[in-house]
Amino acid sequence: MINVRFKTLMLLFVLVALATGCTNTDLRRSEMNTLIPSRAADDSLAFDPAPVVVLASQAPARLVVDAPLPQQLATGYVVLRYRTENLRILPVYGPAALAILPRIGHLHITVDDGPWHWLDASGEPISINALLPGPHKVLIELEDPTHKLIDSATVAFEIPPRLAAHH
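Along each chain, residue indices are assigned from 1 in the same order as the chain's sequence is written. A pLDDT threshold of at least 70 governs which residues receive local features in this predicted model, and a stricter bar of 80 or more applies before side-chain atom pairs are shown or counted, although totals over entire chains, interfaces and linings include all residues. Water and hydrogen atoms were dropped before computing side-chain values, which therefore reflect all heavy atoms in the structure.

Visitor: Give a description of the overall build of the chain that names residues and reports values.
Guide: When helices and strands are tallied, the chain shows three helices and nine strands. A run of DSSP states H or I qualifies as a helix once it reaches four residues; a run of E qualifies as a strand once it reaches two. Both are numbered from the N-terminal end. From first element to last, N terminus to C terminus, the chain shows the α and β order α-α-β-α-β-β-β-β-β-β-β-β. Using the Shrake-Rupley algorithm and a 1.4 Å probe, accessible areas are obtained, with residue cover drawn only from the displayed protein chains. For the chain, the accessible surface area stands at approximately 11600 Å², while carbon and sulfur atoms represent 60% of it.

Spelled out as structure tokens, the structure:
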């Protein structure tokens, strides 16, 4: 019986071969070796721990936010791409969710020091539309499932003046 890892690697190999236009079924062994993970000195595979394995400890969670996409800023539309390290963004809340490993969380987003924020647990880029021309800032807070602050980032940018439409 062929094990699951081998089946997965073979499927990946076939998909890469198809994507690169390779139609020859007699693929070279050297090409296949680039898809098979190398073994470490202790003969274990050189992969990070599987997400199904309980981790004894985790590195601190971190939030990294890119600058807004400049082409959209010219129209008053802000797109902020971000990533989290050592935390998955999921819409799961409450004290019991603190026990989930690897850890999970969500974002709180505040625009221009406003008195309110919104919660985002989509994992998608942050989109803000119809901002007026001028300077703005967005505070993005990485929160645990009980809304406790883990990390934050502030992104400052300026929406350029829009040219008046000529008739």
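That covers the picture; the talk isn't over yet.
Visitor: Give me the pattern of salt bridges: which residues, what numbers.
Guide: Salt bridges are counted wherever a side-chain nitrogen of Lys or Arg sits within 4 Å of a carboxyl oxygen of Asp or Glu. Going through the model one piece at a time under the given rule, you end up with four salt bridges. One salt bridge in this structure joins E85 and R62, with 3.1 Å as the shortest N-O distance. Placement of E85 in strand 3 (residues 82-85) and of R62 in strand 1 (residues 62-65) is noted, with a sequence separation of 23 residues between them. Whether a residue is buried, partly exposed or exposed follows from its accessible area with a 1.4 Å probe, protein chains only, as a fraction of its type maximum: under 20%, in between, or over 50%, in that order. Under the relative-accessibility criterion, E85 is labelled partly exposed at 24%. Within the structure, one salt-bridge network assembled from shared partners comprises R62, R83 and E85.

Visitor: Requested: an account of the packing of aromatic side chains, with residues and values cited.
Guide: Here a Phe, Tyr or Trp ring, Trp counted by its six-membered ring, pairs with any other such ring whose centre lies within 6.5 Å, and the pair is stacked when the planes are under 30 degrees apart, edge-to-face when over 60, and tilted otherwise. By the definition in use, this model includes one aromatic pair. A ring pair is formed by W116 and W118, whose centres lie 6.3 Å apart and whose planes are at 45 degrees; its orientation type is tilted. Its relative accessible area of 26% is what places W118 among the partly exposed residues.

Visitor: Please set out a nonpolar patch on the surface residue by residue, giving values where relevant.
Guide: Together, L90, V92 and I100 make up an exposed nonpolar region whose accessible area comes to about 180 Å². Its location among the elements puts L90 in the loop between strand 4 (88-89) and strand 5 (104-111). Judged by relative accessible area, L90 falls into the partly exposed class, the value being 31%. Only residues whose relative accessible area exceeds 30% and that take part in no salt bridge are eligible for patches, with like-charged residues grouped when within 9 Å of each other and nonpolar side chains (Val, Leu, Ile, Met, Phe, Trp, Tyr) grouped when within 5 Å.

Visitor: Tell me about the environment of Y93, and please be specific about residues and values.
Guide: Along the polypeptide, Y93 turns up in the loop between strand 4 and strand 5. Look at Y93 and you get partly exposed, because its relative accessible area is 38%. Along the chain, Y93 and D144 lie 51 residues apart, while their C-alpha atoms are 8.1 Å from each other. Should any heavy atoms of two residues lie within 4.5 Å, those residues are counted as being in contact. Those residues in contact with Y93 that sit more than four places away from it in its chain are H106, L119, A121, P145 and H147.

Visitor: Talk me through the side chain of E141; I want residue IDs and the actual numbers.
Guide: Inspection of the secondary structure puts E141 in strand 8 (residues 134-143). Think of it this way: Lys and Arg go in the positive column, Asp and Glu in the negative one, and His and the chain ends go nowhere. No salt bridge is formed by the buried E141; its nearest oppositely charged neighbour, K137, is found at 12 Å. Look past the residues within four positions of E141 in its chain and what remains in contact with it is H106, L107, H108, L149, D151 and S152.

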